[in-house]
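Spelled out from the first residue to the last, the chains are:
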Amino acid sequence: MNNLTLSMIVKNEEKHLRGCLESVKNIVDEIVIVDTGSTDNTLKIAEEFGAKLFHFNWINDFSAARNYALRNSSGRWILYLDADERLSPESINELSEIIKKEEKTGYNCTVKSIDSENGRDNQMFYVRLFAGSKDIYFSGVVHEQILPSLVENGYQIKGSLIKIDHIGYNIDNAGKKEKAKRNLELLRVEHEKNNSPYVEFQLALTNEILENYYEAKKYFLLAALNNSLDTAYRAHCYTSLALIYNKEHNIEEAEKHLMNSLTLRKDDPFTHLLASKIYLRKNDLKTSLDHLKKAEKYNEELKEGKKNRDYSVYLNEEEILFCGLTISKKTGDQVSLKEYYRKLIDFIYTHDGQNNRLFVKVIEKVIGNNPLEPEDMYLFCKQANSKNLPIFLELLKDYNQFNSKKDLIYKLSESHPDNAEVKKLLAELYTAENNHQEAAKIYLNLAEGNSNDPSVYFYLLSFYITNGNYKKLITTVNEIESKFYNIPEVADRIKLIKTRLTEIL
(Lines give C-alpha, C1' and ligand atoms only; values in the text may rest on other atoms or scores of the structure.)
Protein backbone atom coordinates (compact mmCIF):
# COMPACT_ATOMS: atom_id res chain seq x y z
CA MET A 1 0.00 0.00 0.00
CA ASN A 2 1.22 3.49 -0.84
CA ASN A 3 1.63 5.95 2.00
CA LEU A 4 0.16 9.13 0.43
CA THR A 5 -2.11 9.34 -2.61
CA LEU A 6 -2.93 12.54 -4.44
CA SER A 7 -6.53 12.08 -5.58
CA MET A 8 -7.84 14.38 -8.34
CA ILE A 9 -10.55 14.89 -10.92
CA VAL A 10 -9.76 16.96 -14.03
CA LYS A 11 -11.06 18.18 -17.37
CA ASN A 12 -9.10 20.32 -19.83
CA GLU A 13 -6.60 21.52 -17.24
CA GLU A 14 -3.42 21.80 -19.34
CA LYS A 15 -3.05 25.39 -18.16
CA HIS A 16 -2.90 24.47 -14.47
CA LEU A 17 -2.13 20.78 -14.00
CA ARG A 18 1.66 20.87 -14.32
CA GLY A 19 1.99 23.47 -11.56
CA CYS A 20 -0.20 21.40 -9.25
CA LEU A 21 1.74 18.17 -9.80
CA GLU A 22 5.10 19.92 -9.48
CA SER A 23 4.05 21.14 -6.04
CA VAL A 24 3.48 17.60 -4.70
CA LYS A 25 5.85 15.40 -6.71
CA ASN A 26 8.37 15.04 -3.89
CA ILE A 27 5.87 14.05 -1.22
CA VAL A 28 3.15 11.85 -2.81
CA ASP A 29 3.68 8.14 -3.52
CA GLU A 30 0.73 7.79 -5.89
CA ILE A 31 -1.10 10.18 -8.20
CA VAL A 32 -4.62 9.14 -9.14
CA ILE A 33 -6.28 11.29 -11.79
CA VAL A 34 -9.84 10.78 -12.98
CA ASP A 35 -10.52 12.55 -16.26
CA THR A 36 -14.07 13.54 -17.14
CA GLY A 37 -13.56 14.29 -20.83
CA SER A 38 -10.40 16.29 -21.59
CA THR A 39 -9.71 17.26 -25.20
CA ASP A 40 -6.44 19.14 -24.61
CA ASN A 41 -3.01 18.02 -23.32
CA THR A 42 -4.19 17.29 -19.76
CA LEU A 43 -3.66 13.52 -20.01
CA LYS A 44 -0.22 13.91 -21.59
CA ILE A 45 0.91 16.11 -18.71
CA ALA A 46 -0.49 13.63 -16.17
CA GLU A 47 1.44 10.80 -17.82
CA GLU A 48 4.69 12.77 -17.51
CA PHE A 49 4.28 12.58 -13.74
CA GLY A 50 3.49 8.86 -13.72
CA ALA A 51 -0.15 9.34 -12.76
CA LYS A 52 -2.61 6.46 -12.76
CA LEU A 53 -5.28 7.60 -15.22
CA PHE A 54 -8.96 6.69 -15.11
CA HIS A 55 -11.92 7.89 -17.17
CA PHE A 56 -15.34 8.82 -15.86
CA ASN A 57 -18.40 9.83 -17.85
CA TRP A 58 -19.52 13.22 -16.51
CA ILE A 59 -23.01 13.13 -14.92
CA ASN A 60 -23.11 16.69 -13.47
CA ASP A 61 -22.01 15.42 -10.07
CA PHE A 62 -18.59 16.35 -8.67
CA SER A 63 -18.94 13.93 -5.74
CA ALA A 64 -19.57 10.99 -8.05
CA ALA A 65 -16.30 11.71 -9.87
CA ARG A 66 -14.43 12.30 -6.60
CA ASN A 67 -15.72 9.03 -5.16
CA TYR A 68 -14.58 7.16 -8.28
CA ALA A 69 -11.12 8.62 -7.73
CA LEU A 70 -11.21 7.56 -4.07
CA ARG A 71 -12.12 3.98 -5.01
CA ASN A 72 -8.98 3.86 -7.15
CA SER A 73 -6.68 5.41 -4.52
CA SER A 74 -4.60 2.96 -2.49
CA GLY A 75 -2.79 5.31 -0.08
CA ARG A 76 -2.98 5.07 3.69
CA TRP A 77 -3.51 8.82 3.50
CA ILE A 78 -5.42 10.79 0.88
CA LEU A 79 -4.68 14.37 -0.16
CA TYR A 80 -7.19 15.84 -2.60
CA LEU A 81 -6.50 18.89 -4.74
CA ASP A 82 -7.87 20.58 -7.85
CA ALA A 83 -5.62 21.25 -10.83
CA ASP A 84 -5.67 24.99 -10.11
CA GLU A 85 -4.33 24.44 -6.58
CA ARG A 86 -0.75 24.14 -5.33
CA LEU A 87 0.61 22.73 -2.08
CA SER A 88 2.79 25.42 -0.51
CA PRO A 89 6.46 24.41 -0.13
CA GLU A 90 6.51 25.27 3.59
CA SER A 91 3.80 22.65 4.19
CA ILE A 92 5.88 19.68 3.05
CA ASN A 93 7.56 19.03 6.42
CA GLU A 94 4.33 19.00 8.41
CA LEU A 95 2.61 16.83 5.81
CA SER A 96 5.54 14.37 5.95
CA GLU A 97 5.16 14.07 9.72
CA ILE A 98 1.37 13.59 9.64
CA ILE A 99 1.43 10.73 7.14
CA LYS A 100 3.81 8.73 9.36
CA LYS A 101 0.98 8.35 11.86
CA GLU A 102 -1.56 5.56 12.18
CA GLU A 103 -4.75 7.36 13.11
CA LYS A 104 -8.34 7.76 12.02
CA THR A 105 -8.12 11.49 11.40
CA GLY A 106 -8.94 14.25 8.94
CA TYR A 107 -6.79 17.38 8.89
CA ASN A 108 -8.07 20.87 8.18
CA CYS A 109 -5.86 22.80 5.76
CA THR A 110 -5.88 26.47 4.83
CA VAL A 111 -6.98 26.98 1.23
CA LYS A 112 -6.16 30.50 0.07
CA SER A 113 -7.89 31.74 -3.08
CA ILE A 114 -5.87 34.37 -4.95
CA ASP A 115 -7.87 37.25 -6.46
CA SER A 116 -5.63 39.94 -7.94
CA GLU A 117 -8.53 41.35 -10.00
CA ASN A 118 -10.32 42.66 -6.91
CA GLY A 119 -7.32 42.75 -4.58
CA ARG A 120 -9.06 40.62 -1.95
CA ASP A 121 -7.77 37.11 -1.50
CA ASN A 122 -9.80 34.86 0.78
CA GLN A 123 -9.09 31.70 2.71
CA MET A 124 -11.12 28.78 3.96
CA PHE A 125 -10.12 26.17 6.53
CA TYR A 126 -11.35 22.66 5.80
CA VAL A 127 -10.32 19.01 5.47
CA ARG A 128 -8.11 18.17 2.49
CA LEU A 129 -6.02 15.39 4.08
CA PHE A 130 -7.47 12.28 5.71
CA ALA A 131 -6.71 8.64 6.46
CA GLY A 132 -7.91 6.44 3.62
CA SER A 133 -10.86 4.09 4.09
CA LYS A 134 -13.37 2.35 1.83
CA ASP A 135 -16.14 3.81 4.01
CA ILE A 136 -15.30 7.44 3.28
CA TYR A 137 -17.12 9.30 0.51
CA PHE A 138 -17.81 12.79 -0.82
CA SER A 139 -21.30 14.29 -0.81
CA GLY A 140 -22.87 17.16 -2.76
CA VAL A 141 -23.09 17.53 -6.53
CA VAL A 142 -21.01 20.73 -6.38
CA HIS A 143 -18.79 22.26 -3.64
CA GLU A 144 -18.52 18.66 -2.53
CA GLN A 145 -17.63 17.85 1.08
CA ILE A 146 -15.72 15.04 2.76
CA LEU A 147 -16.26 16.23 6.35
CA PRO A 148 -19.80 14.77 6.90
CA SER A 149 -18.57 11.29 5.96
CA LEU A 150 -15.50 11.58 8.21
CA VAL A 151 -17.66 12.58 11.17
CA GLU A 152 -20.16 9.83 10.37
CA ASN A 153 -17.32 7.28 10.48
CA GLY A 154 -15.91 8.45 13.79
CA TYR A 155 -12.87 10.34 12.51
CA GLN A 156 -11.12 12.91 14.66
CA ILE A 157 -10.82 16.30 12.98
CA LYS A 158 -7.59 18.17 13.73
CA GLY A 159 -6.06 21.46 12.62
CA SER A 160 -2.84 21.85 10.68
CA LEU A 161 -0.66 24.60 9.23
CA ILE A 162 -0.77 23.02 5.78
CA LYS A 163 -1.46 25.67 3.13
CA ILE A 164 -2.88 25.26 -0.36
CA ASP A 165 -2.93 28.13 -2.87
CA HIS A 166 -5.95 28.24 -5.17
CA ILE A 167 -5.34 30.28 -8.33
CA GLY A 168 -8.46 29.31 -10.29
CA TYR A 169 -10.38 32.43 -9.27
CA ASN A 170 -7.47 34.72 -10.13
CA ILE A 171 -9.40 35.73 -13.23
CA ASP A 172 -11.50 38.69 -14.30
CA ASN A 173 -15.07 39.13 -13.12
CA ALA A 174 -16.48 37.82 -16.40
CA GLY A 175 -14.59 34.57 -15.86
CA LYS A 176 -15.90 34.31 -12.30
CA LYS A 177 -19.45 34.75 -13.57
CA GLU A 178 -18.99 31.95 -16.10
CA LYS A 179 -17.94 29.57 -13.34
CA ALA A 180 -20.80 30.75 -11.16
CA LYS A 181 -23.38 30.11 -13.90
CA ARG A 182 -22.17 26.52 -14.17
CA ASN A 183 -22.31 26.02 -10.42
CA LEU A 184 -25.70 27.67 -9.98
CA GLU A 185 -27.63 25.01 -11.88
CA LEU A 186 -25.87 22.21 -9.99
CA LEU A 187 -26.54 23.92 -6.66
CA ARG A 188 -30.23 24.28 -7.49
CA VAL A 189 -30.45 20.55 -8.15
CA GLU A 190 -28.59 19.84 -4.91
CA HIS A 191 -30.86 22.16 -2.95
CA GLU A 192 -33.95 20.30 -4.13
CA LYS A 193 -32.50 17.11 -2.62
CA ASN A 194 -30.71 18.63 0.35
CA ASN A 195 -31.70 22.06 1.67
CA SER A 196 -28.83 22.16 4.16
CA PRO A 197 -27.55 25.58 5.33
CA TYR A 198 -24.19 24.85 3.66
CA VAL A 199 -25.89 24.45 0.26
CA GLU A 200 -27.87 27.63 0.94
CA PHE A 201 -24.63 29.40 1.81
CA GLN A 202 -23.09 28.31 -1.51
CA LEU A 203 -26.25 29.32 -3.39
CA ALA A 204 -26.01 32.75 -1.80
CA LEU A 205 -22.34 33.19 -2.72
CA THR A 206 -22.99 32.09 -6.30
CA ASN A 207 -25.95 34.45 -6.74
CA GLU A 208 -23.88 37.28 -5.26
CA ILE A 209 -21.17 36.75 -7.92
CA LEU A 210 -23.87 36.82 -10.58
CA GLU A 211 -25.33 40.00 -9.03
CA ASN A 212 -28.66 38.26 -8.43
CA TYR A 213 -28.96 40.17 -5.18
CA TYR A 214 -32.56 39.30 -4.37
CA GLU A 215 -31.74 35.59 -4.45
CA ALA A 216 -28.42 36.13 -2.69
CA LYS A 217 -30.11 37.93 0.21
CA LYS A 218 -32.73 35.20 0.53
CA TYR A 219 -30.19 32.39 0.82
CA PHE A 220 -27.72 34.34 2.98
CA LEU A 221 -30.51 34.96 5.49
CA LEU A 222 -31.68 31.32 5.46
CA ALA A 223 -28.13 30.12 6.06
CA ALA A 224 -27.35 32.75 8.71
CA LEU A 225 -30.42 31.87 10.79
CA ASN A 226 -29.51 28.17 10.93
CA ASN A 227 -27.43 27.56 14.06
CA SER A 228 -26.11 24.26 12.67
CA LEU A 229 -24.00 26.15 10.11
CA ASP A 230 -20.42 26.90 11.11
CA THR A 231 -20.21 30.21 13.01
CA ALA A 232 -17.69 31.72 10.60
CA TYR A 233 -20.00 31.01 7.65
CA ARG A 234 -22.97 32.50 9.52
CA ALA A 235 -20.95 35.63 10.27
CA HIS A 236 -19.94 35.87 6.62
CA CYS A 237 -23.63 35.60 5.63
CA TYR A 238 -24.50 38.60 7.79
CA THR A 239 -21.52 40.57 6.46
CA SER A 240 -22.61 39.81 2.89
CA LEU A 241 -26.16 40.92 3.68
CA ALA A 242 -24.78 44.18 5.08
CA LEU A 243 -22.67 44.63 1.95
CA ILE A 244 -25.64 44.14 -0.38
CA TYR A 245 -27.97 46.41 1.62
CA ASN A 246 -25.26 49.06 1.69
CA LYS A 247 -25.08 48.88 -2.11
CA GLU A 248 -28.85 49.31 -2.17
CA HIS A 249 -28.60 52.39 0.10
CA ASN A 250 -30.59 50.67 2.83
CA ILE A 251 -28.26 51.73 5.64
CA GLU A 252 -30.61 50.70 8.45
CA GLU A 253 -30.72 47.07 7.25
CA ALA A 254 -26.99 47.12 6.47
CA GLU A 255 -26.15 48.24 10.01
CA LYS A 256 -28.46 45.63 11.55
CA HIS A 257 -26.78 42.74 9.72
CA LEU A 258 -23.36 44.22 10.38
CA MET A 259 -24.02 44.07 14.13
CA ASN A 260 -25.20 40.45 13.81
CA SER A 261 -21.93 39.57 12.09
CA LEU A 262 -19.76 41.31 14.70
CA THR A 263 -21.69 39.56 17.48
CA LEU A 264 -20.68 36.21 16.00
CA ARG A 265 -17.12 37.17 15.10
CA LYS A 266 -15.50 40.32 16.43
CA ASP A 267 -12.12 40.14 14.70
CA ASP A 268 -12.87 39.77 10.99
CA PRO A 269 -11.01 42.47 9.00
CA PHE A 270 -13.42 42.62 6.06
CA THR A 271 -16.43 43.13 8.34
CA HIS A 272 -14.69 45.99 10.14
CA LEU A 273 -13.73 47.61 6.81
CA LEU A 274 -17.36 47.43 5.70
CA ALA A 275 -18.42 48.88 9.06
CA SER A 276 -16.00 51.75 8.51
CA LYS A 277 -17.58 52.51 5.14
CA ILE A 278 -21.14 52.28 6.46
CA TYR A 279 -20.44 54.65 9.38
CA LEU A 280 -18.59 57.00 7.03
CA ARG A 281 -21.77 57.09 4.99
CA LYS A 282 -23.73 57.92 8.16
CA ASN A 283 -21.19 60.68 8.84
CA ASP A 284 -20.28 59.01 12.15
CA LEU A 285 -16.61 59.66 11.47
CA LYS A 286 -15.22 58.62 14.86
CA THR A 287 -16.89 55.19 14.70
CA SER A 288 -15.80 54.87 11.08
CA LEU A 289 -12.16 55.47 11.98
CA ASP A 290 -12.36 53.09 14.96
CA HIS A 291 -13.56 50.26 12.72
CA LEU A 292 -10.91 51.04 10.11
CA LYS A 293 -8.16 50.72 12.71
CA LYS A 294 -9.60 47.35 13.78
CA ALA A 295 -9.71 46.23 10.13
CA GLU A 296 -6.06 47.17 9.77
CA LYS A 297 -5.05 45.36 12.99
CA TYR A 298 -6.91 42.13 12.26
CA ASN A 299 -5.75 42.12 8.64
CA GLU A 300 -2.13 42.22 9.82
CA GLU A 301 -2.79 39.30 12.18
CA LEU A 302 -4.36 37.35 9.32
CA LYS A 303 -1.42 38.00 6.99
CA GLU A 304 1.08 37.05 9.67
CA GLY A 305 -0.70 33.74 10.28
CA LYS A 306 -1.32 34.48 13.96
CA LYS A 307 -4.83 33.03 13.74
CA ASN A 308 -6.46 30.41 11.55
CA ARG A 309 -9.80 31.49 10.14
CA ASP A 310 -12.57 29.24 8.87
CA TYR A 311 -13.58 31.88 6.34
CA SER A 312 -11.64 35.12 5.98
CA VAL A 313 -11.03 37.78 3.37
CA TYR A 314 -7.60 39.39 3.09
CA LEU A 315 -7.82 43.12 2.58
CA ASN A 316 -5.88 45.11 0.03
CA GLU A 317 -3.58 47.32 2.13
CA GLU A 318 -3.93 50.19 -0.35
CA GLU A 319 -7.67 50.23 0.23
CA ILE A 320 -7.24 50.50 4.01
CA LEU A 321 -4.73 53.33 3.68
CA PHE A 322 -6.76 55.37 1.21
CA CYS A 323 -9.86 54.88 3.41
CA GLY A 324 -7.83 56.15 6.35
CA LEU A 325 -6.83 59.24 4.37
CA THR A 326 -10.43 59.88 3.32
CA ILE A 327 -11.82 59.63 6.86
CA SER A 328 -8.98 61.66 8.35
CA LYS A 329 -9.55 64.47 5.85
CA LYS A 330 -13.27 64.56 6.64
CA THR A 331 -12.67 64.61 10.39
CA GLY A 332 -9.84 67.12 10.14
CA ASP A 333 -7.80 64.74 12.33
CA GLN A 334 -4.28 65.83 11.41
CA VAL A 335 -2.65 63.10 13.54
CA SER A 336 -4.49 60.33 11.70
CA LEU A 337 -4.00 62.08 8.36
CA LYS A 338 -0.23 62.14 8.84
CA GLU A 339 -0.24 58.55 10.11
CA TYR A 340 -2.08 57.15 7.08
CA TYR A 341 -0.17 59.33 4.67
CA ARG A 342 3.15 58.06 6.09
CA LYS A 343 1.92 54.46 5.86
CA LEU A 344 0.82 55.02 2.25
CA ILE A 345 4.23 56.42 1.32
CA ASP A 346 5.95 53.47 3.00
CA PHE A 347 3.64 51.05 1.19
CA ILE A 348 4.29 52.59 -2.24
CA TYR A 349 8.04 52.79 -1.69
CA THR A 350 8.25 49.11 -0.77
CA HIS A 351 7.09 48.31 -4.31
CA ASP A 352 9.97 48.47 -6.75
CA GLY A 353 9.82 50.71 -9.78
CA GLN A 354 10.31 54.35 -10.57
CA ASN A 355 6.64 54.81 -11.43
CA ASN A 356 5.56 53.98 -7.88
CA ARG A 357 7.92 56.57 -6.46
CA LEU A 358 6.72 59.18 -8.92
CA PHE A 359 3.14 58.30 -8.05
CA VAL A 360 3.83 59.36 -4.47
CA LYS A 361 4.43 62.87 -5.79
CA VAL A 362 1.11 62.80 -7.66
CA ILE A 363 -0.79 61.77 -4.52
CA GLU A 364 0.99 64.55 -2.62
CA LYS A 365 -0.25 67.06 -5.17
CA VAL A 366 -3.84 65.78 -4.99
CA ILE A 367 -3.91 65.78 -1.20
CA GLY A 368 -2.24 69.20 -1.11
CA ASN A 369 -4.66 70.61 -3.74
CA ASN A 370 -1.85 71.52 -6.12
CA PRO A 371 -2.13 71.62 -9.96
CA LEU A 372 -1.24 68.50 -11.95
CA GLU A 373 1.02 68.31 -14.97
CA PRO A 374 0.07 66.13 -17.99
CA GLU A 375 2.63 63.50 -16.94
CA ASP A 376 1.03 63.41 -13.47
CA MET A 377 -2.35 62.67 -15.01
CA TYR A 378 -0.88 59.97 -17.22
CA LEU A 379 0.67 58.28 -14.19
CA PHE A 380 -2.53 58.62 -12.13
CA CYS A 381 -4.55 56.90 -14.87
CA LYS A 382 -1.89 54.22 -15.33
CA GLN A 383 -1.93 53.37 -11.61
CA ALA A 384 -5.74 53.32 -11.35
CA ASN A 385 -7.24 49.83 -11.47
CA SER A 386 -10.32 47.98 -10.25
CA LYS A 387 -8.85 47.65 -6.76
CA ASN A 388 -7.88 51.25 -6.07
CA LEU A 389 -10.03 53.34 -8.43
CA PRO A 390 -12.90 53.82 -5.91
CA ILE A 391 -10.43 55.18 -3.37
CA PHE A 392 -8.70 57.42 -5.94
CA LEU A 393 -12.07 58.88 -6.83
CA GLU A 394 -12.80 59.61 -3.17
CA LEU A 395 -9.58 61.65 -3.05
CA LEU A 396 -10.57 63.52 -6.21
CA LYS A 397 -13.95 64.54 -4.77
CA ASP A 398 -12.12 66.88 -2.36
CA TYR A 399 -9.60 68.06 -4.98
CA ASN A 400 -10.38 71.72 -5.77
CA GLN A 401 -8.01 72.46 -8.68
CA PHE A 402 -10.83 72.67 -11.23
CA ASN A 403 -8.84 72.58 -14.49
CA SER A 404 -6.56 69.76 -13.39
CA LYS A 405 -9.50 67.84 -11.98
CA LYS A 406 -11.47 68.29 -15.21
CA ASP A 407 -8.62 67.07 -17.42
CA LEU A 408 -7.93 64.12 -15.12
CA ILE A 409 -11.58 63.01 -15.02
CA TYR A 410 -11.75 63.23 -18.82
CA LYS A 411 -8.72 60.94 -19.06
CA LEU A 412 -10.12 58.54 -16.48
CA SER A 413 -13.41 58.37 -18.39
CA GLU A 414 -11.42 57.25 -21.44
CA SER A 415 -9.49 54.56 -19.55
CA HIS A 416 -12.51 53.43 -17.44
CA PRO A 417 -15.51 54.14 -19.72
CA ASP A 418 -17.90 51.81 -17.86
CA ASN A 419 -17.19 52.96 -14.32
CA ALA A 420 -20.31 54.60 -12.83
CA GLU A 421 -18.42 56.75 -10.31
CA VAL A 422 -16.14 58.16 -13.03
CA LYS A 423 -19.22 58.95 -15.09
CA LYS A 424 -20.82 60.77 -12.14
CA LEU A 425 -17.72 62.87 -11.54
CA LEU A 426 -17.65 63.75 -15.22
CA ALA A 427 -21.33 64.72 -15.08
CA GLU A 428 -20.62 66.92 -12.05
CA LEU A 429 -17.91 68.69 -14.05
CA TYR A 430 -20.35 69.33 -16.91
CA THR A 431 -22.85 70.69 -14.38
CA ALA A 432 -20.22 73.00 -12.89
CA GLU A 433 -19.62 74.36 -16.41
CA ASN A 434 -23.39 74.78 -16.94
CA ASN A 435 -23.29 72.14 -19.66
CA HIS A 436 -26.47 70.51 -18.38
CA GLN A 437 -27.27 68.80 -21.66
CA GLU A 438 -24.09 66.67 -21.53
CA ALA A 439 -24.53 66.04 -17.80
CA ALA A 440 -28.09 64.83 -18.38
CA LYS A 441 -26.90 62.38 -21.06
CA ILE A 442 -24.55 60.78 -18.54
CA TYR A 443 -27.14 60.64 -15.76
CA LEU A 444 -29.72 59.18 -18.15
CA ASN A 445 -27.19 56.53 -19.23
CA LEU A 446 -26.60 55.66 -15.57
CA ALA A 447 -30.33 55.47 -14.86
CA GLU A 448 -30.87 53.20 -17.88
CA GLY A 449 -28.11 51.00 -16.45
CA ASN A 450 -30.27 50.58 -13.32
CA SER A 451 -28.09 52.73 -11.07
CA ASN A 452 -28.61 52.32 -7.32
CA ASP A 453 -27.65 55.92 -6.58
CA PRO A 454 -30.64 58.20 -5.85
CA SER A 455 -28.60 61.32 -6.75
CA VAL A 456 -28.61 60.18 -10.40
CA TYR A 457 -32.41 60.33 -10.54
CA PHE A 458 -32.71 63.54 -8.54
CA TYR A 459 -30.42 65.29 -11.01
CA LEU A 460 -32.70 64.13 -13.83
CA LEU A 461 -35.68 65.52 -11.91
CA SER A 462 -34.08 68.97 -11.74
CA PHE A 463 -33.15 68.75 -15.43
CA TYR A 464 -36.72 67.86 -16.47
CA ILE A 465 -38.15 70.63 -14.26
CA THR A 466 -35.83 73.19 -15.86
CA ASN A 467 -36.80 72.00 -19.34
CA GLY A 468 -40.50 71.69 -18.56
CA ASN A 469 -40.58 68.01 -19.50
CA TYR A 470 -43.34 67.05 -17.06
CA LYS A 471 -44.03 63.67 -18.64
CA LYS A 472 -40.50 62.45 -17.97
CA LEU A 473 -40.54 64.25 -14.64
CA ILE A 474 -43.54 62.23 -13.42
CA THR A 475 -42.07 58.99 -14.80
CA THR A 476 -38.81 59.63 -12.92
CA VAL A 477 -40.62 60.50 -9.68
CA ASN A 478 -42.47 57.16 -9.87
CA GLU A 479 -39.22 55.35 -10.61
CA ILE A 480 -37.49 56.87 -7.59
CA GLU A 481 -40.47 56.05 -5.37
CA SER A 482 -40.46 52.44 -6.54
CA LYS A 483 -36.71 51.94 -6.45
CA PHE A 484 -35.78 53.73 -3.22
CA TYR A 485 -38.89 53.32 -1.06
CA ASN A 486 -36.73 51.81 1.72
CA ILE A 487 -34.59 54.95 2.19
CA PRO A 488 -36.50 57.27 4.56
CA GLU A 489 -34.83 60.53 3.48
CA VAL A 490 -35.49 59.74 -0.20
CA ALA A 491 -39.10 58.76 0.49
CA ASP A 492 -39.67 62.00 2.42
CA ARG A 493 -38.14 64.07 -0.37
CA ILE A 494 -40.27 62.38 -3.03
CA LYS A 495 -43.41 62.90 -0.95
CA LEU A 496 -42.65 66.62 -0.82
CA ILE A 497 -41.95 66.76 -4.58
CA LYS A 498 -45.24 64.98 -5.36
CA THR A 499 -47.14 67.43 -3.20
CA ARG A 500 -45.61 70.37 -5.06
CA LEU A 501 -46.24 68.74 -8.44
CA THR A 502 -49.90 68.30 -7.52
CA GLU A 503 -50.10 72.00 -6.77
CA ILE A 504 -48.39 72.92 -10.07
CA LEU A 505 -50.17 70.46 -12.33
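Note that the structure is a prediction, hence the values are computed from the model and not measured.

Caption draft 1: Region of interest: the packing of aromatic side chains. Per the stated rule, a full pass over the model turns up 13 aromatic pairs. Between the aromatic rings of Trp77 and Tyr107, the centroid separation amounts to 6.1 Å while the plane-to-plane angle is 50°, which identifies the pairing as tilted. Here the residue Trp77 occupies a position in strand β4 (residues 77–80), and Tyr107 occupies one in strand β6 (residues 105–113), the gap between them amounting to 30 residues. Across the pair, Tyr107 and Trp77 agree in class, each one buried. Chaining the aromatic ring pairs together yields one cluster made of Phe54, Phe56 and Tyr68. Here Lys112 stacks its cationic end above the ring of Tyr314, 4.2 Å away from the centre of that ring. Positioned over the ring face of Tyr340 is Lys343, at 5.4 Å from the centre of the ring.

Caption draft 2: Representation of the environment of Glu319 within the structure. One can find Glu319 in helix α13 (residues 317–331). On a C-alpha basis, the gap between Glu319 and Leu87 in space is 29 Å, while along the polypeptide they are 232 residues apart.

Caption draft 3: Geometry of the packing of helix α19 (residues 420–432) against helix α20 (residues 436–448). Viewed as axis vectors pointing N to C, α19 and α20 meet at an angle of 160°, and their least axial separation amounts to 8 Å. It follows from the interaxial angle that α19 and α20 lie roughly antiparallel. α20 is crossed by α19, and the crossing has left-handed handedness. In this structure, α19 uses Ala420, Lys423, Lys424, Leu426, Ala427, Glu428, Tyr430 and Thr431 to contact α20, whose residues at the interface are His436, Glu438, Ala439, Ile442, Tyr443, Asn445 and Leu446. Here the residues of the contact of α19 with α20 sort into 8 nonpolar, 3 polar and 4 charged.

Caption draft 4: How the structure looks around the nonpolar core. Counting residues in hydrophobic clusters, the biggest one holds 70 residues, and the most contacted among them are Phe380, Leu396 and Leu412. The element that contributes the greatest number of residues to this core is helix α21 (residues 454–467), accounting for 8 residues. Not counting residues within four places of it along the chain, the set of residues in contact with Leu396 comprises Val366, Phe380, Lys405, Leu408, Ile409 and Leu412. Listed in part, the 44 residues of the second largest apolar core include Ala64, Leu186, Leu205 and Tyr219.

Caption draft 5: Structural context of the side chain of His416. If you trace the backbone, His416 turns up in the loop between α18 (402–415) and α19. Classification of His416 as buried rests on a relative accessible area of 18%. Apart from the residues lying within four places of it in its own chain, the contact partners of His416 are Ala384, Asn385, Leu389 and Val422.

Caption draft 6: Representation of unusual backbone geometry within the structure. Positioned with a positive phi, His143 is a non-glycine residue whose angle comes to about 50°. The topology assignment puts His143 in the loop between β7 (122–131) and α5 (147–152). Within the chain, Asn434 stands out as a residue other than glycine whose phi angle is a positive 65°. Here Asn434 shows up in the loop between α19 and α20.

Caption draft 7: Summary view of the pairing of strand β3 (residues 52–55). Inspection of the sheet shows strand β2 (residues 30–35) paired to β3 by 4 bridges, in the parallel sense. In the sheet register, Asp35 faces β3, and the bridge partner there is His55. Note on the crossover from β2 through helix α2 (residues 42–48) to β3: the handedness is right-handed.

Caption draft 8: Up close: helix α3 (residues 62–71). With 8 of its 10 residues buried, α3 lies for the most part within the structure. Within α3, the full set of buried residues consists of Phe62, Ser63, Ala64, Ala65, Arg66, Asn67, Ala69 and Leu70. Buried positions along α3 lie against β1 (4–10), β2, β4, β7 and α6 (173–193). Between a side-chain oxygen at the N-terminus of α3 and the backbone nitrogen of Ser63 the separation is 3.0 Å; the capping residue is Asp61.

Thresholds applied
- Residues numbered from 1 in each chain as written.
- Predicted model: local features only at pLDDT ≥ 70, side-chain atom pairs only at ≥ 80, totals over all residues.
- Heavy atoms only, no water.
- Phe/Tyr/Trp six-rings, centres within 6.5 Å; stacked < 30°, edge-to-face > 60°.
- Helix = DSSP H or I, 4+ residues; strand = E, 2+ residues; numbered from the N terminus.
- Buried < 20%, exposed > 50% of the residue type's maximum accessible area, 1.4 Å probe, protein only.
- Lys NZ or Arg CZ within 6 Å of the ring centre and 35° of its normal.
- Axes fitted to C-alpha atoms, helices over the stretch in contact; angles between N-to-C directions.
- Parallel < 35°, antiparallel > 145°, perpendicular 65-115°, else oblique.
- Left-handed = near helix turned anticlockwise from the far one by under 90°.
- Contact = heavy atoms within 4.5 Å.
- Nonpolar A, V, L, I, M, F, W, Y, C, P; charged D, E, K, R; others polar.
- Core = buried A, V, L, I, M, F, W, Y, C linked by side-chain atoms within 4.5 Å.
- Pairing = 2+ DSSP bridges.
- Right-handed = clockwise from strand over helix to strand, strands pointing away.
- Polar contact = N/O pair within 3.5 Å; in protein donor to acceptor, adjacent residues only side chain to side chain.

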